[in-house]
Amino acid sequence: MKVHSAEFIERSAEAIGDKQLQRALGNVRAGFIGKRAKAAAALPEFEAIRDAAVGIKNHVLDHLDVYLERFEANVNAAGGHVHWARDADEGRAIILDICHKADARTVTKGKSMLTEEIELNAHLDAHGIEAVETDLGEYIIQLRGETPSHIIAPAVHLNRDQVEADFRRVHTGFDKDRILDTPESLLGEAREVLRQRYFEADVGITGANFLVAETGSTVIVTNEGNGDLTQTLPRVHIALASIEKIVPTMEDLSTILRLLARSATGQEMSVYTTISTGPRRNEDQDGPEEFHVVLLDNGRSALLGTEFQEVLRCIRCGACMNHCPVFHAVGGHAYGAVYPGPIGAVITPALAGIDQAGHLPNASTFCGRCEAVCPMRIPLPKLMRQWREKEYEKGYQPGAMRRGMSLWAFAARHPRLYRFGAIIAARILSGLGGTRHRLSRLPLASGWTDARDLPAPEGRTFMQAYAKSEKAKRP
Amino acid sequence: MSSARDIILQRIGKAIEEGRAPPRSERESGAEACLAAKENVLVPAGANVSGDEAIALFTQKAQSVQTTIRHVAAISDVAEAVSQYLTAKNLPQAIRRGSDPLLDRAGWEAQPLMEVTIGPSDGSDRVGLSVAVSAVAETGTLILSSGPDNPTTLNFLPDHHLVVLSAARIVGPLEEALRATVAEAGPAGILPRIVNLITGPSRSGDVEQQIVLGAHGPRAVHVILIGDHPTAV
């Protein structure tokens with residue numbers, strides 16, 4: 001996985017200055033937070049279901065090898081094929097091989113972040129196979145040659161006028177004077193264009209939100225219906241899934257489904273939840289003749305049994321990024337990786353290496369909203385902190401930061417020294433603050449004071465104030 | 001040389017044993033016990049409804065996601081309800097349906113002007129008619145299983161998706177409907193190729209997070225609900 005996370009700071013600065021992007025990012029706050037809160041509040045058992053879902057997924061991860069074998073056996077029993085890929089290279093090669101055997105020239109794709117992770121489209125393209133994204137958001141960014149900026153709303157960084165310009169540029173067969181300035185008209189035109197593509201495709205590739213061990217089924221959850229057309233009309237259906245997507249039974253699936261849509265879009269249930277088992281049966285009149293499931297590891301097994309195992313509970317709802325003040329400010333592309341936001345800040349260092357992605361776990365205010373809304377209760381701030389510790393251990397931070405940290409650590413281990421230093425610093429800063437009680441410039445703190453004033457301390461430290469109030473309480 | 005499969009499974013086994021996972025033999029029995037028990041995890045109290053309550057909740061939830069519902073007394077009233085829907089929507093009197101035997105008794109003979117074709121859709125049909133195997137009251141969700149009589153293309157390609165549902169098949173919680181679907185799959189337990197859970201007409205919020213109906217699937221989902229009692233079918 002190629003990442004550009006090392007340029008996070010430059011990319012963020014660009015993002016903050018990008019007016020179009022900033023306008024579009026307003027839709028994240030407006031479009032997701034209130035809806036999720038309302039949906040969660042409307043289900044009295046929501047918090048208890050979160051606990052139960054955590055239990056299901058922890059159980060799955062602790063029995064993962066057994067469940068994967070059971071899943072595989074059940075896919076085979078239903079006439080499907082399971083392929084195992086250790087990494088992105090193997091995953092791409094397996095899919096290309098299936099496409100070649102099907103003599104595929106065109107494949108349609110349902111929305112799949114995992115295909116982004118293994119950069120599948122570029123690989124197919126390099127081998128003369130056209131991959132057509134069919135999810136509206138994915139279709140739009142494919143036209144623009146971009147990557148998704150959000151895991152469930154890939155084009156959330158765009159405004160309608162940008163989409164209109166792209167459609168006018170690419171959809172040349174339409175009347176030039178047509179009106180195309182509403183979400184309705186844009187969706188209508190994409191629907192018309194993509195309808196033909198579904199029928200032309202030789203292979204349909206989808207991801208999988210879940211793999212049901214008891215039945216050998218893959219499950220996709222969508223609103224548009226594109227995933228269903230993708231996997232129903234071509235002769236071959238390939239579902240690409242990472243190994244942690246297992247749920248044991250339909251009861252477990254039902255429980256986690258109650259969280260997924262509510263956390264993602266604030267719906268009680270997404271429009272389409274589709275359970276696919278094997279290829280079409282002899283008497284069936286439609287559906288694919290071949291059903292392939294590609295199980296991808298790509299770094300996940302290395303997280304099992306470590307302090308990062310909890311991240312494998314993720315169901316990719318996007319709630320963490322929808323509620324993240326950093327994501328709201330810079331959008332998804334600044335992260336320079338497939339998975340943005342808090343979950344990306346934890347997954348990317350695991351998949352690409354902390355040396356490549358060290359900025360990401362630092363791009364957090366630790367406000368804790370991501371953990372508060374994560375349906376699977378993944379302790380994202382804690383895991384980001386663990387990455388920071390690893391980064392420190394490996395010496396990846398700049399020298400000045402390391403020296404500053406060492407100094408602070410020394411002081412923190414010597415409370416008398418710390419308090420004395422704090423008293424001196426508070427007095428000096430209070431004096432510097434003058435009558436305005438504000439500091440507009442401060443050495444070593446220009447990162448703060450360049451953009452805004454720092455309120456000056458009152459002159460006493462917290463410990464001094466505390467000691468005084470305790471003293472006053474005594475008779 | 002070991003296969004990728006074996007290497008991945010070995011890696012997983014080794015890694016989870018370094019965590020808190022029990023040894024392999026206990027993992028096997030633990031997973032087996034979970035798969036055999038098929039226990040409900042946590043059914044919300046509000047989803048535990050049946051009978052008239054389930055019908056009322058299904059109706060309310062389905063309507064809240066823009067599914068429309070028409071009640072009829074018996075299967076023989078379905079053709080008339082279809083015809084009235086087409087008229088109300090200003091559509092030609094033509095539909096495509098699956099060969100489900102239930103629909104043979106829909107009263108087509110009373111609608112001589114309606115063109116009824118049977119089989120999967122090739123994308124040229126305006127209106128498709130399917131039969132739902134069940135429905136979930138808690139979310140207003142229809143459950144449709146693929147099979148020779150119920151082609152999946154009918155659920156997605158026509159602009160209008162009409163679905164016949166027997167009121168007796170409405171259950172409260174999702175797990176009850178899914179468990180019944182697995183149970184009906186027969187002793188081998190192999191599910192139909194596709195089990196569709198459909199909750200309203202297709203939609204997208206991908207342009208500026210504004211929800212628009214009619215993305216790639218149907219623009220309208222209309223349920224023809226038969227009877228309030230099992231004997232109606």
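Along each chain, residues carry numbers from 1 onward, in the same order as the chain's sequence is written. All chains are assigned letters beginning with A, and all ligands numbers beginning with 1, in the order in which they are written. Totals for whole chains, interfaces and linings use every residue, but because this is a predicted model, local features are given only for residues with pLDDT of at least 70 and side-chain atom pairs only at 80 or more, for both listing and counting. Hydrogens and waters are ignored; side-chain quantities use all the structure's heavy atoms.

Quick look at the overall build of chain B
Next up, step 1: Helix and strand assignments come from DSSP, with helices taken as H or I runs of at least 4 residues and strands as E runs of at least 2, each series counted from the N terminus. Helix and strand counts for chain B stand at seven helices and 12 strands.
Next up, step 2: We call a residue buried when its accessible area falls under 20% of the maximum for its residue type, exposed when it is over 50%, and partly exposed in between, using a 1.4 Å probe and counting protein chains only. In chain B, which comprises 233 residues, the share counted as buried stands at 58%.
Next up, step 3: Areas reported as accessible are Shrake-Rupley estimates using a 1.4 Å probe. Residue values count occlusion only from the protein chains shown. When the accessible surface of chain B is summed, it comes to about 9400 Å², and 52% of that surface belongs to carbon and sulfur atoms.
Next up, step 4: Charged side chains in chain B number 19 positive and 26 negative. The centres of these two groups are separated by 6 Å. Neither His nor the chain ends contribute to the count of charged residues, in which Lys and Arg are positive and Asp and Glu negative. A charged residue contributes its charge at one atom only: NZ of Lys, CZ of Arg, CG of Asp or CD of Glu.

Quick look at the domain arrangement of chain A
Next up, step 1: The start and end points of each domain follow an automatic or database-based domain assignment. Partitioning chain A into domains gives domain 1 (62-152 + 196-296) and domain 2 (399-473).
Next up, step 2: Here the C-alpha centroids of domain 1 of chain A and domain 2 of chain A sit 54 Å apart.

Some words on the confidence of the model for chain B
Any segment with low pLDDT has predicted coordinates that should not be analysed in fine detail.
Next up, step 1: pLDDT runs from 0 to 100 and stands for how confident the predictor is about each residue. Averaged over all residues, the pLDDT of chain B equals 95, while 97% of them reach at least 70.
Next up, step 2: The contact definition used throughout considers only heavy atoms, calling two residues in contact when any of these lie within 4.5 Å. Residue range residues 229-233 of chain B is modelled with pLDDT below 50. Its contacts to residues more than four positions away, or to other chains, number nine contacts.

Considerations on the packing of helix H4 (residues 64-77) of chain A against helix H1 (residues 4-18) of chain B
Two quantities define a packed helix pair, namely the angle between the helix axes and the distance between the axes.
Next up, step 1: Here an axis means a line fitted to C-alpha atoms, over the contact stretch when the element is a helix, while the angle between two N-to-C directions is reported on a 0 to 180 degree scale. Between H4 of chain A and H1 of chain B, the shortest axis-to-axis distance is 8 Å and the interhelical angle comes to 150°. As summarised for this structure, H4 of chain A and H1 of chain B are arranged roughly antiparallel, according to the angle between their axes. Along its contact with H4 of chain A, which presents Leu64, Asp65, Leu68, Glu69 and Glu72 of chain A, the element H1 of chain B presents Arg5, Leu9, Ile12, Gly13 and Ile16 of chain B.
Next up, step 2: Residue classes in the contact of H4 of chain A with H1 of chain B are distributed as five nonpolar, one polar and four charged. Under this scheme an angle from 65 to 115 degrees is roughly perpendicular, one under 35 degrees roughly parallel, and one over 145 degrees roughly antiparallel; angles in between are oblique. Residue type decides the class: Asp, Glu, Lys and Arg count as charged, Ala, Val, Leu, Ile, Met, Phe, Trp, Tyr, Cys and Pro as nonpolar, and the leftover types, Gly among them, as polar.

So, the interface of chain B and chain A
Many authors give the size of an interface as the accessible area that is lost as the parts come together.
Next up, step 1: In this complex, chain B contributes 84 residues to the contact, which on the side of chain A involves 102 residues.
Next up, step 2: Across the interface of chain B and chain A, roughly 7800 Å² is buried in total on both sides, 58% from carbon and sulfur atoms.
Next up, step 3: Salt-bridge detection follows one rule: a side-chain nitrogen of Lys or Arg within 4 Å of a carboxyl oxygen of Asp or Glu. For Glu268 of chain A, the salt bridge is made with Lys61 of chain B, and the minimal N-O distance between the two is 2.9 Å.
Next up, step 4: Contacts described as polar in this section are N or O atom pairs within 3.5 Å, which, within protein, must combine one atom able to donate a hydrogen with one able to accept it, while residues neighboring in sequence count only if both atoms come from side chains. Between chain B and chain A we count 42 residue pairs in polar contact (both at pLDDT 80 or more) in total.
Next up, step 5: For the side of chain B that touches chain A, the elements supplying multiple residues, two or more each, are H1, helix H2 (24-37), helix H6 (153-156), helix H7 (174-183), strand S9 (194-198), strand S10 (203-204) and strand S11 (212-213) of chain B.
Next up, step 6: When residues in the side of chain B that touches chain A are grouped by element, the largest group, 11 residues, is from H1 of chain B.
Next up, step 7: Here the residues of the side of chain B that touches chain A are counted per class, giving 39 nonpolar, 24 polar and 21 charged.
Next up, step 8: Two strands pair when backbone bridges link them, and strand S9 (residues 272-276) of chain A and S9 of chain B are joined in this way by five bridges, in the antiparallel orientation. Buried area is understood as the total, over both parts, of accessible area removed when two parts are fitted together, assessed with a 1.4 Å probe. At least two DSSP bridges between two strands are needed for those strands to be called paired.

A closer look at the sheet that holds strand S3 (residues 115-118) of chain B
Residues and elements named next belong to chain B.
Next up, step 1: Strand order across the open sheet formed by six strands is S1-S12-S7-S4-S2-S3, with parallel pairing between neighbours. Pairing within the sheet leaves two strands with one partner each, and these edge strands are strand S1 (67-72) and S3. Looking at each pair of strands side by side, their axes are set apart by 25° on average, direction ignored.
Next up, step 2: Note that strand S7 (residues 160-166) and strand S12 (residues 220-226) share seven bridges and pair parallel. The partner of Leu162 across the bridge, within S12, is His222.
Next up, step 3: Each of S1, S7 and S12 touches helix H3 (residues 51-64); the most contacted strand, S1, lies at about 145° to it.

Some remarks on the pairing of strand S6 (residues 141-145) of chain B
All names here are of chain B.
Next up, step 1: The element S6 is largely enclosed, with a buried count of five among its five residues.
Next up, step 2: For strand S5 (residues 134-136) and S6, the ladder comprises three bridges, and the chain directions are antiparallel. Along S6, the bridge assignment pairs Val136 with Thr141.
Next up, step 3: Relative to S9, S6 runs antiparallel, the two being bridged by four bridges. Each residue of the ladder has a partner; that of Ile143, found in S9, is Leu197.

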